[in-house]
Amino acid sequence: MDIRKLEKQTLEQIEKTSDENGLRIFEKQWLGPKGKIRELFRELKNFEPEERKKIGGEINLLKKELTAALEKKRTGAEKEKQGFVLEKEWLDATRPVKPAEIGHIHLLTSALKDIALIFKNLGFDSVSGPDIETEWNNFDALNIPAYHPARETADTFWLNQMSNVKSQKLLLRTHTSPSQIRHLLSHKPPCRIVSPGKVYRFEAIDASHNIEFWQLEGLAVDKNINFANLLDILRTFLKEFFKEKNLKIRIRPSYYPFVEPGIDIDLSFDGKKWIEAAGAGMVHPNVLKNTKLNPEGWQGIAFGIGVDRLIMLKHKIPDIRLLHSADLRFLKQF
Ligand code: PHE
């Protein structure tokens, strides 16, 4: 009686059986009341007592093994049904993967960072103001009273306000200059700040105009600060930002109610095509008065840079709408 051989055969048979029905037949055949294990025990009587003991032990062991193997096969099948089998869920974590596509900082954001850094090195802190402004901060305090024609050129989006709330009229700011007012009313000069932000205008949209765009306001108030300082700061900034030898800067007189004298700054690479990139001037005495400063003791320089235009010029972008479009084909180039 070769129990070892039987053991090998039966265990293999269990392993091969794939359904519960097959297992049940096997169980009956081997472990049932009329099964083969019983039969083996019955045959024991034909052996000598010594051998009977040894073979009896082996049959017992076989019985235990078969019972365990059946049990194991059944729970395995059950787990498989529930989707627990790890072998099937095997995941090779070391397999090379397709690299995830990582985005990058938007051209506008990185340009704003560069600009703020240049001004930081020139001693200017960066501050921010809200997109929604009061009529007074956006116009009156900047020497643009209600009757002033400058209001019309900067017609904008007024906010619908509840009629029972008595507050100032609110609007989307038409320029970043109200941050001059906010800063001077809350900080004692001397000061040097830049204030980048979005501004809004009720304009027809085309390649160089949008109803929203970015500006960077600059303001420095001190006892002796003067027009030469203003020009020097702007020139230094522009040279640093463009890093272009053939950048040409043209300065011409202009008018803004909140500066006196006022200038516009045009830029060109070829000396033929010029683009207006900034307005600037000496802070008007009325603005100083409106922010409770004595124009006899203090003077200031102020500038407003068109950020979108600088970027367009630097990267030769033909249409402002591309900058604001979130079109990946465009953005991936920078
Ligand atoms: N606020 C002006 C504009 O939007 C620009 C400017 C700022 C001009 C500061 C002079 C001084 O056009």
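The rules we used
Residues numbered from 1 in each chain as written. Predicted model: local features only at pLDDT ≥ 70, side-chain atom pairs only at ≥ 80, totals over all residues. Heavy atoms only, no water. Pairing = 2+ DSSP bridges. Helix = DSSP H or I, 4+ residues; strand = E, 2+ residues; numbered from the N terminus. Buried < 20%, exposed > 50% of the residue type's maximum accessible area, 1.4 Å probe, protein only. Lys, Arg positive; Asp, Glu negative; His and termini not counted. Salt bridge = Lys/Arg side-chain N within 4 Å of Asp/Glu carboxyl O. Polar contact = N/O pair within 3.5 Å; in protein donor to acceptor, adjacent residues only side chain to side chain. Contact = heavy atoms within 4.5 Å. Domains from an automatic or database assignment. Axes fitted to C-alpha atoms, helices over the stretch in contact; angles between N-to-C directions. Parallel < 35°, antiparallel > 145°, perpendicular 65-115°, else oblique. Nonpolar A, V, L, I, M, F, W, Y, C, P; charged D, E, K, R; others polar. Near = heavy atom within 4 Å. Areas by Shrake-Rupley, 256 points an atom, 1.4 Å probe, with all protein chains shown as cover.

1. Describing the sheet that holds strand β6 (residues 248-254)
Step number 1: The seven strands lie next to each other as β1-β4-β5-β9-β8-β7-β6, forming an open sheet whose pairing is mixed. Looking at the sheet topology across the chains shown, the edges are occupied by β1 (125-126) and β6.
Step number 2: With seven bridges joining them, strand β7 (residues 259-268) and strand β8 (residues 275-283) adopt antiparallel strand pairing. Counted as the bridge partner of G262 is G281 from β8.

2. Observations regarding the side chain of E217
Step number 1: Structurally, E217 can be placed in strand β5 (residues 212-222).
Step number 2: R173 provides the closest opposite charge to the buried, unpaired E217, separated from it by 8.0 Å.
Step number 3: Only 2.8 Å separates the side chain of E217 from the side chain of S177, close enough to count as a polar contact.
Step number 4: In contact with E217, not counting residues within four places along its chain, are T176, S177, S179, Q180, I193, V194, S195, F303 and G304.

3. Section: the pairing of β8
Working note: regular strand, side chains alternate between the two faces of the sheet.
Step number 1: Of all nine residues in β8, seven are buried; the element is thus mostly enclosed.
Step number 2: Between β7 and the antiparallel strand that follows it, β8, lie six residues; G271 among them carries a positive phi value of about 80 degrees.
Step number 3: Sheet analysis places β8 next to strand β9 (residues 299-306), joined by five bridges and oriented antiparallel. Among the inter-strand pairings, G281 is bridged to a residue of β9, identified as A302.

4. Here we look at the domain arrangement of the chain
Step number 1: Along its sequence, the chain is carved into domain 1 (3-89) and domain 2 (107-331).
Step number 2: Relative to domain 2, the C-alpha centre of domain 1 lies at a distance of 89 Å.

5. Observations regarding the packing of helix α5 (residues 107-121) against helix α11 (residues 307-315)
Step number 1: Contact pair α5 / α11: the axes reach a minimum separation of 10 Å and the direction vectors enclose 100 degrees. Between α5 and α11, the interaxial angle falls into the category roughly perpendicular. Here α5 contributes L107, L108, A111, L112 and I115 to the contact with α11, which in turn contributes V307, D308, I311 and H315.
Step number 2: Across the contact of α5 with α11, the residue classes tally to seven nonpolar, one polar and one charged.

6. A few points about the site of the ligand
Step number 1: Residues in close proximity to the ligand total 14 residues, the closest being H175, S177, R201, Q215 and G304.
Step number 2: S177 places a polar side-chain atom, nitrogen or oxygen, 2.9 Å from a nitrogen atom of the ligand.
Step number 3: At 2.8 Å from an oxygen atom of the ligand is found a side-chain nitrogen or oxygen belonging to R201.
Step number 4: Computed on the free molecule, the ligand has an accessible area of 320 Å², of which 92% lies beneath the protein chains in the complex.
Step number 5: For the shell around the ligand, the elements supplying multiple residues, two or more each, are β5, β8 and β9.
Step number 6: Among the elements that take part in the shell around the ligand, β9 stands out by supplying three residues, more than any other.
Step number 7: In terms of residue class, the shell around the ligand is built from six nonpolar, six polar and two charged.

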